[in-house]
Amino acid sequence: MSTPVHLTPTRRSAAVLASARQRREGSRTGSPYRNPVEHALLGIQAGAGNRAATAAVQRARAGEQAGGQGSAPQNSTAPAGAQKKNYRDRIAGLLDRFKKNLDPIDTFIKGVQTPANAGFTQQAAAAANEGLKHSAAASGTSAASGNLLTEATGTVVSGMDAYKNMKDARKHETGAGHHTAGKKAKVKGTDAVIGAAGSGAYSAAIAKEVTKIQKAADAAVASEASGIASASVAALKSVRSVFRVGGAARKYRKVKELGDPHLVHAESLARLNESREHANWAAAEAFVALDAYWKQDGEGRLELIGEAVDAAWEAMGEARDAAETLQRAERDVEKLNTVQGYAKKKQLTKIGKETVGGALGESTKAAAGVVTAVAAGTAGLASNPVGWGLAGAGAGLVLGVTLYKALRAATKRYEEVRRPEVWAPQGETPAEAASRSESLKHALKFWKKVSKGERQAMAREIYALAAGPHIPGSGGTTQEMRQSGMALLIALKAGPADHKLDEDAWVASLDDPAKTEAWIKEIAEQLASG
C-alpha cells in the first residue's frame, strides 16, 4: 500500500473550516425573368433542388454584407482548404462505415470459412480428390478476396486517421489533447503498417488459390509464399499484442500500488471527523453562553445577547461546513475506490483479450502458416493435417475474442439508449429512454461507438477528483483527495511527462474549464488502452 503522490505539501487545519464557509459555490423581391430560356433553366435548377448553389449564393451575399460593414476580405484560399478538409473527413467517414459493415463478413471468413477451406484442402490432398481440391481453392479465393477488401479498406482508414491525429498532435503541442492525438496517431500508424502487410499476405493467398484452380506448375511455390506471408503478418500481430499486454500489466500494477483508498485516507478522514466534533462542541458552548446572557440583567444585556447570537450563528455555520466537508470526503473516498477498481478491471480485461486473441491466437496462426509453407515445399500443397489443426485453433481463439467484443459492445449500445439515466453526466437531463425494440435496433448498429457509457462516466469521476477548485463540482474536494486523483492520472499515463508539461502547468490545466472536455476524453482513452 502506498500513499497518494503529493504534488504540494499541505495539511488540513482549522483554517480549512473557515475557508469552507467562504467557498459557496428579408423577404427578397426580384425582377421578372428576361427570357424563356432563363426561365426554363432556373425552373430546372429549382426542381433539382440545387442546395449547393443556394449555399454558395448565401455565402457570397454574407461576404458582401461583411465587406460593406468594413470587415477585411477573407482569404480566397480558406474556403477551398475548408472544403478540401470537409471532403477528406466525409471520405474517411464513408470508408470507416464501409469497413465496419465488412467486419462481420470478415470475421465469419477468418473464423469459419478459412479454417474449413484448410481442412478441405488437406482432405483433398490426402485423397487425391481433384474435384474437392478445385472447390476448396475456389472457396479460398473468395475468402481471401473478402479479407483483402476489408484489410485494404482498414489500411486506408487507419492511414487517414493517423494523418489527422498527427496534425492534431502538432496543433496542440502539449497537454491532454496533444497526448490523446499523439497516441492515436502511433496506434493508427501501426495499424496501417500491419494492414498493408496483411493486404500483401491476402494477395499472396489469392495467388495461391488461383494457381490451384488453374493447376499451375508453380502452385506449390505460391502456397509456400502465401504460408510465409501469413505467418509473418500473424507474428507481427502477436508481437504487438505482447507489447500491449505488457503495457496493460504495468498500468495495472501502478494503479494497484496506489493502495486501498479507505486505508490511504483513513488519517485524513479522522482529522476531518475530529474537526467536525470540535466545531460541534464550539457550537454547543456558544449556545450555552447565549443562554447565560439571556438570564442576566442589567445594562448592556441586549448588546451582549446580540454578540452571543452572532457567535452562535457563526459556530453553527462552522459545524455545518465541517460536517459537509467530512461527508464530501467520505463520498470521494468511495468514488476513488470505485474508479480505481474499474481501472484495474479494464486493464485485466485488456490483458485477457490481447493474450487470448493476440498473443496466443495470432502466434498459433503464425505457426500454421509456417507448417503450410513447409508442407508446400516438401509434401506439396499443404497436405499436412497439423497446419489445418493450427489454423483452426488460431482462428477459433481470434473468433472467440471478436465475438466477446461484439457482444459487449452491443450490450453497451443497448444500455446507452434503454437506460440513459444510468451513465448520464451529473446535472444533465438524460435523454428519454428508448423502447426495447428501438434499443435492440440500436444495439445491432455495430458501426456506432458508445458515447455515454460506463467508461465515459468513470472518466468524468476521475477528472472531478483530480480537477482544481475552479471546475464546477470540484470546489469542495479536499487537497488530499485531489492529490490522490492526480496520482491516479499519473498511473494511467496521463501525468505531466506524458503531456510534455511541467508540474505546475499540468496542475493548472486540470483547473482550466476550457480543457475539461479534452481531459475527459484523454482519461477515457487511457482507461481503455494499456
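A. Region of interest: the overall build of the chain. Looking only at helices and strands, the chain has 16 helices and zero strands in total. Counting the 530 residues in the chain, one finds 36% classified as buried. Counting only carbon and sulfur atoms, one obtains 59% of the accessible surface of the chain, whose full area is about 29700 Å².

B. Quick peek at the pattern of salt bridges. The tally for this structure, following the rule as stated, stands at 13 salt bridges. Ionic pairing is found between Arg419 and Glu415, a salt bridge with its closest N-O pair at 3.0 Å. The closest approach of N and O atoms between Lys452 and Glu428, which form a salt bridge, is 3.0 Å. Taken as a pair, Lys452 in the loop between α12 (436-443) and α13 (454-466) and Glu428 in the loop between α11 (385-418) and α12 lie far apart in primary sequence, 24 residues in all. Three or more residues joined by partner-sharing salt bridges are found here, namely Glu267, Arg271 and Glu480.

C. Region of interest: the environment of Ser232. With respect to the secondary-structure elements, Ser232 resides in helix α7 (residues 219-257). For the pair Ser232 and Ala366, spaced 134 residues apart in the sequence, the C-alpha separation amounts to 6.7 Å.

D. The side chain of Gln347, seen in detail. Looking at where Gln347 falls in the secondary structure, it is placed in helix α10 (residues 301-378). Taking the relative accessible area as the measure of exposure, Gln347 reaches 0% and is therefore buried. Of the polar contacts made by the side chain of Gln347, one reaches the backbone oxygen of Leu527; its length is 3.1 Å.

E. Looking closely at a nonpolar patch on the surface. On the surface, a nonpolar cluster with roughly 360 Å² of combined accessible area is contributed by Phe287, Trp313 and Met316. In this structure, Phe287 sits in helix α9 (residues 266-295).

F. Quick look at α13. Its 13 residues place the ends of α13 19 Å apart at the C-alpha level, agreeing with the 18 Å of an ideal helix rising 1.5 Å per residue. Among all positions in α13, only Gln456, Ala457, Met458, Ala459, Ile462, Tyr463, Leu465 and Ala466 are buried.

G. Structural context of the nonpolar core. Grouped together as the largest cluster of nonpolar side chains are 35 residues, with contacts concentrated most on Ile462, Leu488, Leu489, Trp519, Ile523 and Leu527. Contributing elements (two or more residues each) for this core: α9, α10, α13, α14 (479-491), α15 (503-510) and α16 (516-528). Top element by residues in this core is α10. It accounts for seven residues. Sequence-distant contacts of Leu488, defined by excluding residues within four places in its chain, comprise Val255, Leu258, Leu336, Val339, Gln340 and Ile462.

H. Examining unusual backbone geometry more closely. Within the chain, Glu173 stands out as a residue other than glycine whose phi angle is a positive 70°. By the secondary structure assignment, Glu173 is in the loop between α5 (130-172) and α6 (175-213). The backbone of Lys500 sits at a positive phi, close to 60°, despite the residue not being glycine. With respect to the helices and strands, Lys500 occurs in the loop between α14 and α15. Since its relative accessible area comes to 56%, Lys500 is described here as exposed.

I. Local environment of α9. For α9, built from 30 residues, the straight-helix expectation of 44 Å at 1.5 Å per residue is met to within 8% by its first-to-last C-alpha distance of 44 Å. Among all positions in α9, only Ser268, Leu269, Leu272, Ala279, Ala283, Ala286 and Leu290 are buried.

J. Spotlight on the side chain of Lys346. Secondary-structure assignment places Lys346 in helix α10. Although Lys346 lies buried, it forms no salt bridge, and the closest oppositely charged side chain, Glu454, sits 7.4 Å away as judged by the N-O distance. Dropping the residues within four chain positions of it, Lys346 is found in contact with Lys412, Arg455, Leu527 and Ala528.

K. Structural view of the packing of α13 against α16. It is at 8 Å that the axes of α13 and α16 come closest, and there the two elements cross at 120°. Taken together, the axis directions place α13 and α16 in an arrangement best described as oblique. In this structure, α13 crosses over α16, and the sense of that crossing is right-handed. Along its contact with α13, which presents Arg455, Gln456, Met458, Ala459, Arg460, Ile462 and Tyr463, the element α16 presents Thr516, Trp519, Ile520, Ile523, Ala524, Glu525, Leu527 and Ala528. In terms of residue class, the contact of α13 with α16 is made up of 10 nonpolar, two polar and three charged.

L. Broad picture of the packing of aromatic side chains. Across all of its chains, the model carries two aromatic pairs by this definition. With centroids separated by 5.2 Å and ring planes inclined at 85°, the aromatic side chains of Phe446 and Trp447 adopt a geometry described as edge-to-face. Classification of Phe446 as partly exposed rests on a relative accessible area of 36%. Note on Trp447: relative accessible area 23%, which makes it partly exposed.

M. Geometry of the confidence of the model for the chain. For the chain, per-residue confidence averages 79 on the pLDDT scale, and residues scoring 70 or more make up 78% of the total. Confidence drops under pLDDT 50 across residues 1-78; counting only partners more than four residues distant or on other chains, this segment forms 54 contacts. Note on residues 379-383: pLDDT is under 50 here. Beyond four places in sequence and across chains, it has 16 contacts.

N. Examining the packing of α6 against α16 more closely. Interaxial distance between α6 and α16 falls to 8 Å at its minimum, and their mutual angle equals 40°. Of the two elements, α6 crosses α16, and the hand of that crossing is left-handed. The residues of α16 that touch α6, namely those facing Ala176, Gly177, His179, Thr180, Lys183 and Lys184, are Ala518, Trp519, Lys521, Glu522, Glu525 and Gln526. Here the contact of α6 with α16 is composed, by residue class, of three nonpolar, four polar and five charged.

Here is what the cut-offs are and how they apply
- Residues numbered from 1 in each chain as written.
- Predicted model: local features only at pLDDT ≥ 70, side-chain atom pairs only at ≥ 80, totals over all residues.
- Heavy atoms only, no water.
- Helix = DSSP H or I, 4+ residues; strand = E, 2+ residues; numbered from the N terminus.
- Buried < 20%, exposed > 50% of the residue type's maximum accessible area, 1.4 Å probe, protein only.
- Areas by Shrake-Rupley, 256 points an atom, 1.4 Å probe, with all protein chains shown as cover.
- Salt bridge = Lys/Arg side-chain N within 4 Å of Asp/Glu carboxyl O.
- Polar contact = N/O pair within 3.5 Å; in protein donor to acceptor, adjacent residues only side chain to side chain.
- Patch = residues over 30% accessible without salt bridge, like charges linked within 9 Å, V, L, I, M, F, W, Y side chains within 5 Å.
- Expected span 1.5 Å × (residues − 1).
- Core = buried A, V, L, I, M, F, W, Y, C linked by side-chain atoms within 4.5 Å.
- Contact = heavy atoms within 4.5 Å.
- Lys, Arg positive; Asp, Glu negative; His and termini not counted.
- Axes fitted to C-alpha atoms, helices over the stretch in contact; angles between N-to-C directions.
- Parallel < 35°, antiparallel > 145°, perpendicular 65-115°, else oblique.
- Left-handed = near helix turned anticlockwise from the far one by under 90°.
- Nonpolar A, V, L, I, M, F, W, Y, C, P; charged D, E, K, R; others polar.
- Phe/Tyr/Trp six-rings, centres within 6.5 Å; stacked < 30°, edge-to-face > 60°.
- pLDDT = per-residue confidence, 0-100.

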